[in-house]
Amino acid sequence: MKITDLDAYKRLVNMFEEKGYSQGVEDKMPIYSWDNVRVIPKNLTPGHYVHANSYGKIKFWEIPQKYRTRAFFLHTLTSCHKDIVEYVKSHMNEFDKQFFKDHIATTYYSLEFEENDFEYMPLEYIDEEMVACAMLRAIHSRYVDRRDEMDDWFYSVHRRKPEVLTQDLYILGARCFASKRGGKNKFLEITPKEYRTSEYYFALCLNNSTPVMEDVPEEVLTNNFLVSLLNDSMENIKCFSEAALERELPMAGKGMVKCWQAAIICDGYQVREIPLNDERVEFFLANYDKDSSEYAYGFKDHYKRYLRQKKGVQKPKNDALELASMATLAGAMFGMGNDEAIDFGNAITNASTDRQCMLPIHYGLRVESEYCKKYDREEYLLEIYKKLGIQVVEEADAYYYTAILPENISVSHDEFGYWIKNSDGEELIHYYDRGPFYDRSVTVDKNNVTL
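What counts, and at which threshold
Residues numbered from 1 in each chain as written. Predicted model: local features only at pLDDT ≥ 70, side-chain atom pairs only at ≥ 80, totals over all residues. Heavy atoms only, no water. Helix = DSSP H or I, 4+ residues; strand = E, 2+ residues; numbered from the N terminus. Buried < 20%, exposed > 50% of the residue type's maximum accessible area, 1.4 Å probe, protein only. Contact = heavy atoms within 4.5 Å. Areas by Shrake-Rupley, 256 points an atom, 1.4 Å probe, with all protein chains shown as cover. Phe/Tyr/Trp six-rings, centres within 6.5 Å; stacked < 30°, edge-to-face > 60°. Axes fitted to C-alpha atoms, helices over the stretch in contact; angles between N-to-C directions. Parallel < 35°, antiparallel > 145°, perpendicular 65-115°, else oblique. Left-handed = near helix turned anticlockwise from the far one by under 90°. Nonpolar A, V, L, I, M, F, W, Y, C, P; charged D, E, K, R; others polar. Arc of directions from axis to C-beta. Pairing = 2+ DSSP bridges. Salt bridge = Lys/Arg side-chain N within 4 Å of Asp/Glu carboxyl O. Core = buried A, V, L, I, M, F, W, Y, C linked by side-chain atoms within 4.5 Å.

**Q** Mind showing me how you'd approach the overall build of the protein here?
**A** Broken down by element type, the protein carries 19 helices and 10 strands. The proportion of buried residues among the 451 residues of the protein is 48%. Here the contacts in the protein between residues at least 6 apart in sequence split such that 55% fall between residues at least 24 apart. Carbon and sulfur atoms provide 49% of the accessible area of the protein, an area that totals close to 23500 Å².

This is the structure in structure tokens:
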């Protein structure tokens, strides 16, 4: 559900229109590039000074008074320019309420960071209209500018003038700003208890990738509440608490199923958002074959992490990557160009890796049709290795297994990569190791062995 579909949003818009409020006007003054401030353009404008100031070419105190126009301040007033913020604070008689409304409309920086507009604008400017303008701008920025961290202004208002924050603003804030990190939900903590309704908690759980449901009261977590969340989008499963995941609900044609089961049945990709255990692994594999895209892109990596955690094994470190990175940095320090330094790093990586006993993890080919339901691509490759008598010891890094080769198997280099061959010189498996250390690909691209 989009935030614009929420009843709280519709009520806010209706209130705004019924009371005759108006949003600020975005200033569209042209900003001209001006890197060399010693060369004065023929038609010098405040827009030149905006660019020069923003990129540190000139200090605010160096800008002539006649170019410090209203438009200039609309484009430069941010917490990044402390001197300009301090000027506005000490000359507030020059900046009326309409200025701040226009500033909110002109740049989302007006609402961000510790010194956002609401942190220092006069209290009489902070009213129902102003905070509504801010919320509408924050929503616009979230969906158009793709900026999620737009909550600083809300906390400033809560601290300075909390009485102007309405229940609808808290509901919309729960949808836009709330998250639970480090065991704390900062937004929930500032929400007045009388505003923590079922509607509020529903907005809190929508498209929230943090465990916010852990703080939803049991009396709110009815079956209808959970069903409504899942009907809205199966992606909402990512905020479910463990208790909610295990809640059984009726599902058409399936009888009673647990919430996590419903999510997997309806959208197998959502398994990546569900903490795994043996029961959940077994259920997923009973519903999706190993050659399915849900298995490849939703389950496989998640399952590997689960197995490592279950066995107490740490994720393999990319030692070759770290070595190549250090070698590249060293090359750059000794005066090599960027490309030359990267090649140097790759050469060190390749030289340091004994490919006679390092074999690729990733299989870039299709699994034979008779085995595709039984093995995924990496499992199939392991079976091929096993057939050749190759003993795979462990994952050495993100790309290679440490392996022990039998006497009749060897690895040789060609212009495109590496061949695994038998003692008769027969070419069995080909793989390549391409790309710089920061974008490397190690993959089997030819296989002449069948099970």
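**Q** What am I meant to see in the packing of aromatic side chains here?
**A** Aromatic ring pairs are described here by two measures, namely the spacing of the ring centres and the angle between the planes. All chains considered together, the criterion is met by 39 aromatic pairs. Ring centres of F100 and Y125 lie 5.9 Å apart, and the angle between their planes is 55°; on these two criteria the pair is classed as tilted. Taken together, the residues span a long stretch of sequence, with F100 in helix 5 (residues 97-106) and Y125 in the loop between helix 6 (117-120) and helix 7 (128-145) at a distance of 25 residues. For the pair formed by F100 and Y125, the shared burial category is buried. Aromatic pair Y400 and Y431: ring centres 6.4 Å apart, planes at 75°, arrangement edge-to-face. In this pair, Y400 sits in strand 6 (residues 400-404) while Y431 sits in strand 9 (residues 427-434), placing the two residues 31 residues apart along the sequence.

**Q** I tried to follow the packing of helix 9 (residues 167-176) against helix 11 (residues 198-205) on my own but got confused; where do I start?
**A** Geometrically, a packed helix pair is captured by the angle between its two axes and the distance between the axes. Contact geometry of helix 9 with helix 11 gives a least axis separation of 6 Å together with a crossing angle of 25°. One finds that helix 9 runs roughly parallel with respect to helix 11. Considering only the axes of helix 9 and helix 11, their crossing is right-handed. Across the interface between the two elements, Y170, I171, A174 and R175 of helix 9 pack against E199, Y200, A203 and L204 of helix 11. Each residue belonging to the contact of helix 9 with helix 11 can be placed in one class, and the counts come to 6 nonpolar, no polar and 2 charged.

**Q** Help me out: how do you make sense of helix 4 (residues 82-90) in this one?
**A** Residues that lie three or four places apart on an α-helix share one face, since the helix turns once every 3.6 residues. Buried within helix 4 we find I84, V85, Y87 and V88. Viewed along the axis of helix 4, the buried residues span an arc of 160°, placing them on a single side of the element. Looking at the buried residues of helix 4, the elements they touch are helix 2 (46-54), helix 3 (70-76), helix 5 and helix 6.

**Q** Teacher, can you tell me more about the pairing of strand 5 (residues 391-395) here?
**A** Taken residue by residue, a regular strand's side chains alternate between the two faces of the sheet. Two strands pair when backbone bridges link them, and strand 5 and strand 6 are joined in this way by 4 bridges, in the antiparallel orientation. Opposite E394, over in strand 6, you have T402 as the bridge partner. The hairpin turn running from strand 5 into strand 6, its antiparallel successor, is 4 residues long.

**Q** Help me out: how do you make sense of the side chain of S79 in this one?
**A** Mapped onto the elements, S79 comes out in the loop between helix 3 and helix 4. Setting aside residues up to four positions removed in sequence, S79 forms contacts with V85, F113 and E115.

**Q** Is there a simple way to explain the pattern of salt bridges in this structure?
**A** Side chains carrying opposite charge are able to pair once their charged atoms draw close together. Enumeration according to the criterion identifies 26 salt bridges in this entry. For K290, the salt bridge is made with E379, and the minimal N-O distance between the two is 2.8 Å. With K290 in the loop between helix 15 (278-287) and helix 16 (293-311) and E379 in helix 19 (residues 377-387), the pair connects residues that are 89 residues apart, well separated along the chain. Using a relative accessible area of 25% as the deciding quantity, one classes E379 as partly exposed. When the shortest N-O distance is used, the salt bridge between K386 and E383 registers 3.5 Å. In this pair, K386 and E383 are both assigned in helix 19, 3 residues apart and thus about one turn of the helix distant. According to the relative accessible area criterion, K386 is exposed, its value standing at 57%. Each of E242, E246, K258, E279 and R280 takes part in a single network of salt bridges with overlapping partners.

**Q** Even after reading the chapter, I still don't get unusual backbone geometry, so can you show me in this structure?
**A** One non-glycine residue, F113, lies in positive phi territory at about 75°. Here F113 is to be found in the loop between helix 5 and helix 6.

**Q** Mind showing me how you'd approach the sheet that holds strand 5 here?
**A** Two orientations exist for strands paired in a sheet by backbone hydrogen bonds: parallel and antiparallel. Taken together, the 3 strands give an open sheet; going across it, the order is 3-6-5, and neighbouring strands pair in antiparallel fashion. Because the sheet does not close on itself, it has two edges, and the strands there are strand 3 (358-360) and strand 5. Mean inter-strand twist for the sheet, computed between neighbouring axes without regard to direction, equals 40°. Here strand 3 pairs with strand 6 via 3 bridges, running antiparallel. Opposite P360, over in strand 6, you have Y400 as the bridge partner. Along the sheet, helix 19 makes contact with strand 3, strand 5 and strand 6, crossing strand 3 at roughly 135°.

**Q** Help me understand the nonpolar core in this model?
**A** Note that soluble globular proteins tend to have their nonpolar side chains buried in a common cluster. F100, F118, W153, F154, F187, M213 and F240 are the most contacted members of the largest nonpolar core, which has 102 residues in total. Among the elements that make up this core, the one with the highest residue count is helix 7 (9 residues). The contact partners of F118, leaving out residues within four places of it in the chain, are I104, L111, I126, M130, V131, A134, W153, S156, V157 and R160. Counting residues in each nonpolar core, the second largest holds 28 residues, with C372, Y375, Y400 and V444 among its members.

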